[in-house]
Amino acid sequence: MINFNVPPYTGKEIKYIEEAVRNQKICGDGPFTRKCSEWIEQKTGTAKCLLTTSCTHATEMAALLADIREGDEVIMPSYTFVSTADAFVLRGARVVFVDVRPDTMNMDETLVEDAVTERTRVIVPVHYAGVGCEMDTIMEIAKRHQLMVVEDAAQGIMSTYKGKALGTFGEFGCFSFHETKNFSMGEGGALLIRDEKYIEDAEIYREKGTDRSKYFRGQVDKYRWQNYGSSYLPSDMNAAYLYAQLELAEEITQTRMDRWKEYWEQLTPLAEEGRIELPYIPAHCAHNAHMFFIKTKDLEERTRLEAFLKERGVYAVFHYVPLHSAPAGLKFGRFHGEDKYTTRESERLLRLPMFYALTADQVEYITEQVKAFYHG
Ligand SMILES: *Cc1c(COP(=O)(O)O)cnc(C)c1O
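Nothing here was measured: the structure is a model prediction, and the numbers come from that model. One numbering rule holds for all chains: residues counted from 1, following each sequence as written. In keeping with the model being predicted, local features are shown solely for residues with a pLDDT of at least 70 and side-chain atom pairs are shown and tallied solely at 80 or more, while totals for entire chains, interfaces and linings include all residues. To get the side-chain values, take all heavy atoms of the structure and skip hydrogens and water.

### Structural notes on the overall build of the protein
Note the following rule: Only DSSP runs of H or I covering at least 4 residues are called helices, and only runs of E covering at least 2 are called strands; the numbering of each starts at the N terminus. The size measure is the radius of gyration over C-alpha atoms, and the globule rule it meets is 2.2 Å times the number of residues to the 0.38 power. Classification of residues uses two cut-offs on accessible area relative to the type maximum, computed with a 1.4 Å probe and protein chains only: under 20% is buried, over 50% is exposed, and between them is partly exposed. Here, two residues are considered to be in contact whenever any of their heavy atoms come within 4.5 Å of each other. Note that accessible areas follow from Shrake-Rupley with a 1.4 Å probe, and for residues the cover is restricted to the protein chains shown. Positive charges come from Lys and Arg, negative ones from Asp and Glu, while His and the chain ends are left out of the count. A charged residue contributes its charge at one atom only: NZ of Lys, CZ of Arg, CG of Asp or CD of Glu.
When helices and strands are counted, the protein shows 13 helices and 13 strands. For 376 residues, the compact-globule estimate of 2.2 N^0.38 gives 21 Å, and the C-alpha radius of gyration of the protein, at 21 Å, lies within 12% of that figure. The dimensions of the protein, computed from C-alpha atoms along their principal axes, are 75 × 55 × 35 Å. Here the protein, with 376 residues, has 57% of them falling under the buried criterion. Sequence-distant contacts in the protein: of pairs separated by 6 or more residues, those separated by 24 or more amount to 71%. For the protein, the accessible area works out to roughly 16300 Å², and carbon and sulfur atoms hold 50% of it. Taking the average location of the 45 positive side-chain charges in the protein and that of its 57 negative ones, the two points are 4 Å from each other.

Okay, structure coming up:
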C-alpha cells in the first residue's frame with residue numbers, strides 16, 4: 001500500500017525534541033523556535049519571521065494586522081483551503097472569489113482588478129502546489145488601488161517567483177508546517193512580515209495582546225496588556241521537530257524534485273496521447289515539488305481512476321471542493337465573474353502520492369497503474 005502522504009522525518013527530530021525537554025524550555029519562543037525563525041529569515045530574505053501554531057493562525061494574524069473590519073472585502077480564489085477565507089471571515093470580511101487559471105490552478109491575475117470595489121482591502125494569492133502566482137501583476141493592482149497583499153504560501157516554502165521567495169512579496173506571507181507539507185512540525189506555521197513597522201503589533205497579537213516579547217528581550221521591565229490578541233506561538237518541542245527538517249531542507253526538496261521529475265517523465269507519453277494533462281510550471285517560477293497532480297477527462301473518469309488505483313494499493317486524492325459552492329462560501333462570499341474553470345478543473349484534478357520517503361520504485365509502480373488504467 002502506498003499512502004497519499006507520510007509525514008517527513010529525517011532522523012534528528014527525536015534528538016532535538018529531547019534537547020528541548022532537557023533545556024527545560026518547552027513553551028514558545030525557546031532556542032529551537034529562534035533557530036527556525038532565523039533560518040526562514042535567512043532563506044527567504046523577509047524582514048521578520050514569527051513561528052505560529054498553524055498557517056491558519058498566521059493568516060489570522062495577517063487579518064488582524066491588516067485591521068480587517070466588518071464589511072471589508074477580500075479577493076481570493078475559490079479553489080483553496082478553507083483557512084484562506086476563515087481568517088478574514090472571522091474579522092467580519094466578505095470574501096470575493098475569482099476564477100483560477102486552468103494551467104497553474106492559481107488565481108487568474110487578469111480577473112483581479114475587475115473584482116476590486118470601494119470596500120476591497122486585501123488580495124490573497126494562494127500559491128497552489130508551491131507554484132507562484134503572477135506576483136508582478138498582483139502587486140501592481142494592489143499598488144494602484146492601495147490594497148494589501150497577504151500571500152497564502154502554505155505550500156510554497158523554498159519556491160520562488162522570478163528568483164524571490166514566495167511569501168515575501170505581500171505585506172504578509174503565511175507558511176504551513178502541517179504534516180502534509182514539505183517540512184513539518186505536526187501542526188505549525190509561520191508569518192512572514194515584509195515591513196518592520198508591523199513587527200511590534202504582530203508580536204503583541206501573538207502573545208495574548210501583551211508586550212511579553214519585548215520583556216524577554218529586556219526592552220521593558222514588565223510586560224502588560226497592550227491590545228487584544230491571542231496565543232499563536234508554538235511549543236519549542238514542535239519547533240525542535242521542524243528544525244531537524246530545515247537543516248536538511250535542500251536534501252528534502254531535491255528528493256521530492258527527483259520523484260516529481262520521475263512522475264513527469266513516466267506520464268508524459270499518456271499526456272502526449274491526450275489522455276491526461278500534467279502540471280504546468282511557468283519558466284520564471286521555481287517550485288518545491290510540493291505536489292504532483294494529473295488531470296483526467298472529467299469527474300467520472302477521475303472517480304474511476306481513483307478507485308482503480310485504490311484497488312492496487314495506491315492512495316490518490318482529489319483536492320478542494322470550491323469554497324464558493326460550500327455552505328459557508330454561500331453565506332460569507334460571492335463569486336465575481338464567471339466560474340469557467342474553478343469547478344470544472346477541480347473536478348478533473350487528482351493528486352498522486354508525494355512525500356519525502358517516497359521511492360523511485362514506488363513512483364514507477366504508481367505510474368504503471370495509471371498507464372494500465374488508460375491502456376486497459
Ligand atoms: C495546508 C494549507 C493551509 C492550512 O495550513 P495549516 O497549517 O493546517 O493551518 C492553508 N492554505 C493552504 C493553501 C494550505 O495548503
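### Regarding the sheet that holds strand 10 (residues 285-286)
What counts here: Any two strands are treated as partners once DSSP identifies two or more bridges connecting them.
The three strands lie next to each other as 7-6-10, forming an open sheet whose pairing is antiparallel. Edge strands, defined here as strands with exactly one partner in the open sheet, are strand 7 (164-165) and strand 10. The pairing of strand 6 (residues 160-161) with strand 10 spans two bridges and is antiparallel. Looking at the pairing, threonine 160 lines up with alanine 286 of strand 10.

### Regarding the nonpolar core
As a reminder of what qualifies: Only buried residues count toward a nonpolar core, which is a set of Ala, Val, Leu, Ile, Met, Phe, Trp, Tyr and Cys residues joined through side-chain atoms within 4.5 Å.
Ranked by size, the top nonpolar core spans 35 residues in total, and within it Phe88, Val122, Phe172 and Leu191 carry the most contacts. Elements with a minimum of two residues in this core: helix 3 (55-65), strand 2 (73-77), helix 4 (82-89), strand 3 (94-98), strand 5 (148-152), strand 8 (172-176), strand 9 (189-193) and helix 6 (199-206). Per element, the largest residue contribution to this core is seven residues, and it comes from helix 3. Residues contacting phenylalanine 172, with those up to four places away along its chain left out, are Ala62, Leu65, Ala66, Met148, Val149, Val150, Glu151, Gly167, Leu191, Leu192, Ile193 and Tyr198. Counting residues in each nonpolar core, the second largest holds 29 residues, with Ile75, Val149, Tyr320 and Leu349 among its members.

### Overview of empty space enclosed by the protein
Defined as follows: Definitions used throughout: a 1 Å grid over protein atoms alone; a cavity as a set of points that fits a 1.4 Å probe which cannot get out; a pocket as an open set with protein on both sides within 12 Å along at least five of seven lines; a lining residue as one with an atom within 4 Å of a point. Grid points are joined across faces, edges and corners, and a volume is the space filled by probe spheres set on the points. Here the nonpolar group is Ala, Val, Leu, Ile, Met, Phe, Trp, Tyr, Cys and Pro; Asp, Glu, Lys and Arg are the charged ones; every other residue, Gly included, is treated as polar.
Counted according to the given criterion, the structure contains two cavities of 30 Å³ or more. In this structure, the largest cavity spans a volume of roughly 70 Å³. Forming the boundary of the largest cavity are Thr104, Tyr128, Ala129, Val131, Trp260, Pro279, Tyr280, Ile281, His287, Met291 and Phe293. Here the lining of the largest cavity is composed, by residue class, of nine nonpolar, two polar and no charged. As for the second largest cavity, its lining consists of Glu200, Glu203, Ile204, Thr210, Asp211, Ser213 and Lys214. Elements supplying a minimum of two residues to the lining of the second largest cavity: helix 6 and helix 7 (212-216). The dominant element in the lining of the second largest cavity, judged by the number of residues it contributes, is helix 6, at three residues. In terms of residue class, the lining of the second largest cavity is made up of one nonpolar, two polar and four charged.

Purely geometric numbers; function is a separate question.
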